[in-house]
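Next come the chains, spelled out residue by residue.
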Amino acid sequence: MGFLLRVVVNAFAIWIVTLIPALGVSVIAFEPGETLQLVLTLLLVAAVFALVNTIIGTVIKVLAFPIYILTLGLIGLVINGFLLWLTAWITGFWNFGLRVEDFWWGVVAAIVISLINWIAGIILRPSDKR
């Protein structure tokens, strides 16, 4: 259940980022490109992004731990942008998926996605009332 919820929240966050044209991030829906196909494409891209973040992101964060300490965690912003760019590269092999025009705007888009995920995590966190 947690993975599905994370995919839906990521899909929503990616959709919000695509609404900001200055970031140069877009999602190309598969044919015929209507609303249902856009939603399914967003969910597929979000699933790929969650897998990339879980598998590759964890390895990079463990290996870059000394750099995290030296930069007081600011390298995490660049790593998140790289993971978003990597997701766009992976989905670029298809005729649909995520497109990131510029790496540094991708870093900004990753920051926005992280903020949306953080806010959604606060809202959707199960309460511990006993």
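Everything numeric in this text was worked out from a predicted model, so none of it was measured. (Residues numbered from 1 in each chain as written. Predicted model: local features only at pLDDT ≥ 70, side-chain atom pairs only at ≥ 80, totals over all residues. Heavy atoms only, no water.)

Concerning the overall build of the protein chain
Reasoning step 1: Tallying secondary structure elements over the protein chain gives 5 helices and 2 strands in all.
Reasoning step 2: Counted from the first residue to the last, the protein chain has its helices and strands arranged as α-β-α-α-α-β-α.
Reasoning step 3: Since a compact globule built from 130 residues should have a radius of gyration of about 14 Å, the 15 Å found for the protein chain is in line with a globular shape.
Reasoning step 4: By principal-axis analysis of the C-alpha atoms, the protein chain measures approximately 45 × 45 × 25 Å.
Reasoning step 5: The 130 residues of the protein chain split such that 34% are buried. (Helix = DSSP H or I, 4+ residues; strand = E, 2+ residues; numbered from the N terminus. Rg over C-alpha atoms; globule rule 2.2 N^0.38 Å. Buried < 20%, exposed > 50% of the residue type's maximum accessible area, 1.4 Å probe, protein only.)

Describing the nonpolar core
Reasoning step 1: Of all hydrophobic cores here, the largest spans 29 residues; its most connected members are Ile-14, Val-25, Leu-84, Leu-98 and Ile-113.
Reasoning step 2: At the level of elements, α1 (2-18), β1 (25-28), α2 (35-63), α4 (75-91), β2 (97-100) and α5 (103-124) are the ones that each hand at least two residues to this core.
Reasoning step 3: Broken down by element, the residue count for this core peaks at 8 residues, all from α2.
Reasoning step 4: Other than its neighbours up to four places away in sequence, Val-25 contacts Val-17, Thr-18, Leu-98, Arg-99, Val-100 and Ala-109. (Core = buried A, V, L, I, M, F, W, Y, C linked by side-chain atoms within 4.5 Å. Contact = heavy atoms within 4.5 Å.)

Things to note about a nonpolar patch on the surface
Reasoning step 1: Where nonpolar side chains cluster on the molecular surface, the patch consists of Leu-5, Leu-74, Leu-77, Ile-111, Leu-115, Trp-118, Ile-119, Ile-122, Ile-123 and Leu-124 and spans about 960 Å² of accessible area.
Reasoning step 2: Looking at which element gives the most residues to the nonpolar patch, the answer is α5, with 7 residues.
Reasoning step 3: Looking at the element boundaries, Leu-115 is found in helix α5.
Reasoning step 4: What makes Leu-115 partly exposed here is its relative accessible area of 46%. (Patch = residues over 30% accessible without salt bridge, like charges linked within 9 Å, V, L, I, M, F, W, Y side chains within 5 Å. Areas by Shrake-Rupley, 256 points an atom, 1.4 Å probe, with all protein chains shown as cover. Salt bridge = Lys/Arg side-chain N within 4 Å of Asp/Glu carboxyl O.)

What to know about the pairing of β1
Two faces belong to every sheet, and in a regular strand the side chains alternate between them.
Reasoning step 1: Burial along β1 is one-sided: Val-25 and Val-27 are buried, and none of Ser-26 and Ile-28, which face the opposite way, are.
Reasoning step 2: Sheet analysis places β1 next to β2, joined by 4 bridges and oriented antiparallel. What sits directly across from Ile-28, in β2, is Gly-97. (Pairing = 2+ DSSP bridges.)

Remarks on the packing of α4 against α5
Reasoning step 1: Between α4 and α5, the least distance of the axes is 8 Å, while the angle of their chain directions is 100 degrees. In terms of their interaxial angle, α4 and α5 are classed as roughly perpendicular. Counted together, Leu-77, Val-78, Asn-80, Gly-81, Phe-82, Leu-84 and Trp-85 of α4 and Phe-103, Trp-104, Gly-106, Val-107, Ala-109, Ala-110, Ile-111, Ile-113 and Ser-114 of α5 form the full contact between these two elements.
Reasoning step 2: For the contact of α4 with α5, the class distribution of residues is 12 nonpolar, 4 polar and no charged. (Axes fitted to C-alpha atoms, helices over the stretch in contact; angles between N-to-C directions. Parallel < 35°, antiparallel > 145°, perpendicular 65-115°, else oblique. Nonpolar A, V, L, I, M, F, W, Y, C, P; charged D, E, K, R; others polar.)

A closer look at α5
Reasoning step 1: Relative to the 32 Å expected for 22 residues at 1.5 Å per residue, α5 spans 30 Å between its end C-alpha atoms, a close match to the ideal helical length.
Reasoning step 2: Among the residues making up α5, those that are buried are Gly-106, Val-107, Ala-109, Ala-110, Ile-113, Ile-116 and Ala-120.
Reasoning step 3: Against the buried residues of α5 lie α1, β1, α2, α4 and β2. (Expected span 1.5 Å × (residues − 1).)

Some details on the confidence of the model for the protein chain
Reasoning step 1: Here the protein chain averages 88 in pLDDT, while 96% of its residues score no lower than 70.
Reasoning step 2: Mean pLDDT values for the elements of the protein chain range from 89 in β1 up to 91 in α4. (pLDDT = per-residue confidence, 0-100.)

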